[in-house]
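Spelled out from the first residue to the last, the chains are:
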Amino acid sequence: MSSLHLDGIQGRYDAVVIGSGLAGLTGANCLAKLGHRVLLLEHHHQLGGLATWFKRPGGHTFDISLHGFPHGMIKSCRKYWTPAIASAIHQLKDVRFVNPEFQIQTTFDRQDFTRLLTETFKVPEIRVEAFFEHLRGMNYYDRDTRTTGELFEEFFPARPDVHRLLLEPIAYANGSTLADPAITFGIVFSNFMSKGVFIFQGGTDTLIAQMTAELLANGVEIRRSCLVEKIYLENGPDGLPHTRGVRVKSTRDGGTRDIACTAVLSNANIKNTVLRLAAGDPLPADLLDEARAVRVNNSSAQVYMGIRDGMDIPRIGDLVFTSEAARFSSGELVDLHTTSRTHSVYYPDTRPHTRTPRYAIVTSINQRWQDWDGMDAATYAQNKARITEEAFSGLEKHIPDIRSRVDWVEAASPRTIERYTRHWEGASFGTKFEGLKVSLELPKHAPGLFHAGSVGIIMSGWLGAINYGVITAAKMDAFLTSNTAPG
Ligand SMILES: Cc1cc2nc3c(=O)[nH]c(=O)nc-3n(C[C@H](O)[C@H](O)[C@H](O)COP(=O)(O)OP(=O)(O)OC[C@H]3O[C@@H](n4cnc5c(N)ncnc54)[C@H](O)[C@@H]3O)c2cc1C
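In this text the structure is predicted, and so the values were computed from the model without any measurement.

Novice: So what's going on with the site of the ligand? Which residues, and what values?
Specialist: Taken together, 42 residues form the shell around the ligand, and within it Gly-19, Gly-21, Gly-49, His-67 and Gly-461 come nearest. For the shell around the ligand, the secondary-structure elements that each account for two or more residues are helix H1 (22-33), strand E10 (226-235), helix H10 (270-277), strand E13 (299-307), helix H16 (414-421) and helix H18 (461-483). Class assignment for the residues of the shell around the ligand results in 17 nonpolar, 23 polar and 2 charged. Counting only domains with at least three residues in the shell around the ligand, you end up with domain 1 (12-45 + 224-294 + 429-483) and domain 2 (53-91 + 198-206 + 298-421).

Okay, here's the thing in structure tokens:
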């Protein structure tokens, strides 16, 4: 079917990138800088994937996943994006925990955590140092089968309060649990501990605008509202299914086009990539079995509160991890009725360029897709209203008159995430650990088909996604260099 919206797209590219999450954007940028012809297709009308925002009447802009990332983002953005992006990354210095076991304020780095663990939690310094040193030595290739819970018990036995301090924030950063491999906690926690928590000053909208300008300057053809429905693989002389192209559908006018390419970088969820986009292609049965067995990470719900223009709120912290649970448990953290909520408070310095100083609060809750998926319309509306009310009553403990200061509030659920990103079960942080192997080995099974994006817990979050985009682009460059016909 012909489509005005798809007009101008060429018939062939070196690489088609499916999805504009941070891994897709970064992969596309690296490939274009290496001289490859790149087409980037995004089904949403906005680029960024989960690194996204939305605007509402009253001058409100809400960020979905701009809550905090490690210092390593500065280096990655300087090297693979622009100095301007890197220099807009600023530290958040006020992280707070409020729960029945402790109330603390921290800069969330090694020095301050050592102080807290020794002075507040009374853990011997030698043990704290041994823990940090152990984390520093952790390595993906060690194949250590220990879980995070086991790691905690080894260093801090019978100290559920310490376990909570260590894991609760990381569960919000990458969805990891006590039962996940210790490496998934260790790498991400160590990244944060190196220098603390950072965000992009200017907001997600400014970041994605700057990235888009860079992609265009480097010659990437960008198409939004373009859903890739199919990846075409065809058996080659070596008996393996080789990448031949994609079928894209305009979500504006319904038109479709087949586009040929030598390689595909899929930034869609790894399960979507193998089991949906490549469905019907001649992929080996063991790969399909492995992909089916991959467990996705939890999803999220959020409540967005916009403070009335001209009003302010007191400084209550940048990131406030709150919970009413007597003890931390990974199950309670994702329960439909969890009492664990993280408030991200956006003060005017998040968007210094706005006409008047603006404040917003985004309350995030880790949730299970299964709890929200089957709700009928009335139950769904009731649960959104419930989490909104719970967010307000939780915040009232910090800002008693918060309700009168807010003039826009709305909630999002795992279904919202699924709708906008098409992630399998609305996953917020990709897949569990086993997804990394499927992602890494994809091109071995299907030459030319690559994946980059939140996977394996380690490669998720803003920094993980960007770095995985870089790694995958380097592999694609080697593949394209040896497989593209001259001329
Ligand atoms: C509520 C929430 C809070 C978070 N907070 C933080 C945080 O504070 N710090 C942090 O570092 N990380 C955070 N994260 C995680 C982080 O946002 C993600 O790990 C990261 O942005 C994911 O990037 P990605 O490259 O994997 O792709 P995604 O952002 O998942 O994007 C994938 C893209 O592919 C597109 N796509 C999928 N299928 C198709 C198709 N068939 N055709 C075309 N396009 C397609 C989607 O529309 C989407 O744009 C948070 C996530 C959530 C949900």
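Next comes the rest of the account.
Novice: Outline the pairing of strand E14 (residues 319-322), listing residues and values.
Specialist: Burial of the side chains of E14 extends over both faces: Leu-319 and Phe-321 are buried on one face and Val-320 and Thr-322 on the other. Bridge count for strand E6 (residues 95-98) against E14 is 4 bridges, and the pairing is parallel. Of the residues in E14, the one forming a bridge with Arg-96 is Val-320. Here 4 bridges tie E14 to strand E15 (residues 341-346), and the two strands are oriented antiparallel to one another. Within the sheet, the bridge partner assigned to Leu-319 lies in E15 and is Ser-344.

Novice: So what about the pairing of strand E16 (residues 360-367)? Which residues, and what values?
Specialist: Among the 8 residues that make up E16, 8 are buried, leaving the element largely enclosed by the rest of the structure. Across 8 bridges, the pairing between E13 and E16 is antiparallel. Each bridged residue has a counterpart across the sheet, and for Ala-301 the counterpart in E16 is Ile-365. With 5 bridges joining them, E15 and E16 adopt antiparallel strand pairing.

Novice: I'd love a proper account of the domain arrangement of the protein, names of residues and values included.
Specialist: The domain boundaries assigned to the protein delineate domain 1 (12-45 + 224-294 + 429-483), domain 2 (53-91 + 198-206 + 298-421) and domain 3 (109-195). Placing a centre on the C-alpha atoms of domain 2 and another on those of domain 3 gives a separation of 25 Å. For the side of domain 2 that touches domain 3, the secondary-structure elements that each account for two or more residues are helix H12 (330-334) and E16.

Novice: Could you give an account of the sheet that holds E15, naming the residues involved and the relevant values?
Specialist: Taken together, 7 strands build an open sheet; the order of strands is E7-E6-E14-E15-E16-E13-E17 and the sheet is mixed. Of all strands in the sheet, those with a lone pairing partner are strand E7 (103-106) and strand E17 (406-412), marking the two edges. When the angles between neighbouring strand axes are averaged without regard to direction, this sheet yields 15°. Each of E6, E14, E15 and E16 is contacted by helix H7 (residues 160-174), which is oriented at about 100° to E16, the strand it contacts most.

Cut-off values and rules
- Residues numbered from 1 in each chain as written.
- Predicted model: local features only at pLDDT ≥ 70, side-chain atom pairs only at ≥ 80, totals over all residues.
- Near = placed C-beta within 6 Å.
- Helix = DSSP H or I, 4+ residues; strand = E, 2+ residues; numbered from the N terminus.
- Nonpolar A, V, L, I, M, F, W, Y, C, P; charged D, E, K, R; others polar.
- Domains from an automatic or database assignment.
- Buried ≥ 20, exposed ≤ 12 C-beta atoms within 10 Å, placed from the backbone.
- Pairing = 2+ DSSP bridges.
- Axes fitted to C-alpha atoms, helices over the stretch in contact; angles between N-to-C directions.
- Contact = placed C-beta atoms within 7 Å.

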